[in-house]
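# Chains, contacts and geometry: an overview
Listed below, chain by chain, are the residues.
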Amino acid sequence: MDLDRVKTFLGNDWLRVQQCIREELQSGIDLLNSTNDSILSSSGKQLRPVLALLAARAAMAAKGERPVLPDDVIRYAAAAELLHNATLLHDDVADGSDRRRGRPTVNSIMGPSVSVLVGDFWLVRAMDCILKADNHTDQVQRVFSRTLGNLAEGEMLQLQKAETGDTSFEDYFDIIFNKTASLFQATVESAMIGVGADERIRTSLVNYAVALGLAFQIRDDIFDYTPGIDVGKPVGADILERKMTLPLLGALSLAPASESERIRGMVTAIRDNADSRDDVVAFVREYDGIGYAQKILSEKLCFALSQLSVLPPSPESSFLEELAEFVGNRNI
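Below is a summary of the structure that appears in this document. (Residues numbered from 1 in each chain as written. Predicted model: local features only at pLDDT ≥ 70, side-chain atom pairs only at ≥ 80, totals over all residues. Heavy atoms only, no water.)

Per the counting criterion, the structure on display carries 20 salt bridges. K161 is the salt-bridge partner of D166, the closest N and O atoms lying 3.2 Å from each other. Here the residues in one salt-bridge network are D13, R16, R57, D71 and E316, joined through shared partners. (Salt bridge = Lys/Arg side-chain N within 4 Å of Asp/Glu carboxyl O.)

Residues W122, F144 and L248 are the most contacted members of the largest nonpolar core, which totals 102 residues. Examining the composition of this core, we find that 13 residues originate from one element, helix α10 (residues 199-223), more than from any other. The residues touching F144, leaving out its near neighbours within four places in the chain, are Y76, A79, A80, L83, M127, I130, L183, A186 and S190. (Core = buried A, V, L, I, M, F, W, Y, C linked by side-chain atoms within 4.5 Å. Buried < 20%, exposed > 50% of the residue type's maximum accessible area, 1.4 Å probe, protein only. Helix = DSSP H or I, 4+ residues; strand = E, 2+ residues; numbered from the N terminus. Contact = heavy atoms within 4.5 Å.)

A contiguous nonpolar patch, built from I29, L31, I109 and M110 and spanning about 400 Å² of accessible area, is present on the exposed surface. Exposure remark for L31: the relative accessible area of 54% places this residue in the exposed category. (Patch = residues over 30% accessible without salt bridge, like charges linked within 9 Å, V, L, I, M, F, W, Y side chains within 5 Å. Areas by Shrake-Rupley, 256 points an atom, 1.4 Å probe, with all protein chains shown as cover.)

Our next topic: the side chain of N107. Along the chain, N107 turns up in helix α6 (residues 106-110). Take N107: its relative accessible area is 12%, and that puts it in the buried class. Within the local environment of N107, its side chain forms a polar contact with the backbone oxygen of D92, the two atoms lying 3.4 Å apart. Polar side-chain contacts of N107 include one of 3.2 Å to the backbone oxygen of S97. Each residue touching N107, except ones within four places of it in the same chain, is listed here: D92, V93, G96, S97, P112 and S115. (Polar contact = N/O pair within 3.5 Å; in protein donor to acceptor, adjacent residues only side chain to side chain.)

We now examine the packing of helix α5 (residues 71-95) against helix α7 (residues 112-131). Remark: α5 packs on α7, axes separated minimally by 8 Å, with the N-to-C direction vectors making an angle of 165°. Classed by the angle they form, the pair α5 and α7 counts as roughly antiparallel. Note that α5 runs across α7; the crossing there is left-handed. Note on element contacts: α7 touches α5 through P112, S115, V116, V118, G119, D120, W122, L123, R125, A126, C129 and I130, opposite R75, Y76, A78, A79, L82, L83, N85, A86, L89, H90 and V93. Its residues placed into classes, the contact of α5 with α7 shows 16 nonpolar, four polar and three charged. (Axes fitted to C-alpha atoms, helices over the stretch in contact; angles between N-to-C directions. Parallel < 35°, antiparallel > 145°, perpendicular 65-115°, else oblique. Left-handed = near helix turned anticlockwise from the far one by under 90°. Nonpolar A, V, L, I, M, F, W, Y, C, P; charged D, E, K, R; others polar.)

This part covers helix α4 (residues 47-62). Helix length check: α4 (16 residues) gives 22 Å between terminal C-alpha atoms against 22 Å at 1.5 Å per residue, within 8%. Of the residues one or two after α4, G64 is the one with positive phi, at around 80°. (Expected span 1.5 Å × (residues − 1).)

Looking at the element boundaries, S27 is found in the loop between α2 (12-24) and α3 (30-41). On the accessibility criterion, S27 (18% relative accessible area) is buried. A distance of 2.9 Å separates the side chain of S27 from the backbone nitrogen of I29, its partner in a polar contact. When residues no more than four places from it in sequence are discounted, the contact partners of S27 are L32, N33 and F121.

One turn of the α-helix equals 3.6 residues, which is why residues spaced by three or four share an orientation. Here α5 spans 36 Å end to end across 25 residues, near enough to the 36 Å set by a 1.5 Å rise per residue. The buried count for α5 comes to 21 of 25 residues, which makes it a mostly enclosed element. Directly beyond the C-terminal end of α5, a positive phi value near 65° is found at G96.

Quick look at the structure:
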């Protein structure tokens, strides 16, 4: 899937989102403006606003309406992207990350204090986007407020499990729902509110978004064990942060108990022996943890696609199908 083709298809709606984001980020502080410009120049796929616009237009088509999006939906889509980038700026501090998307982070160039402050600024601007909406402000505020709580809880649970080394499958899915899928959920839920989608369409597309978000994160976690794919971080980076993600958990579930216990101890103590990262990667490959994770990824995508059956045929519904395929196969 060519995301640029989708953005071209979205046309003026996409340009309105970009304009909204840039207007919200304007400040009287030159240093803040230049930092924001730098972040925007490497802003990645912008998958969340793409998802918001496609879902909103598909829901309008399902009601037999012309897909001319209200200004409120544009604001909610921009808010989702602003909030996403705010969390990345904060995550880089929590994880001590020096690079993201193949480029130095604000954290590495200007320090953790600046990264947190800039993240706070983007977060506030996201909420400003919502507050400027003409309708449903209270509803959408609650949606994004819930997501902010999820994001914080997900980060804290991940940090807690890094210390204890006892991450379970349930813990893992709680973490990736909170840290990734919850914002996909908020992105589509707010778009559904903005276009007044009927309950059946709203429920199905929100279910689609959650499954898509889970699949997106599982694919990211597979990258950590896949050499030769340049995703802006080295193989085994998650291991060095003591994160037990699905490929590792899958391998642990398939290995003898004694071997699994040894590997868990190795990951927990990785800061004292970073060279053991290669042993953990080799363990995951030996027990086909990547294949295990890929199977779960496929199940999530199949469920996501099944939720689109409520939509009548339209270019937007076709692009939503393609988006699921993109998430499952992407190498970026």
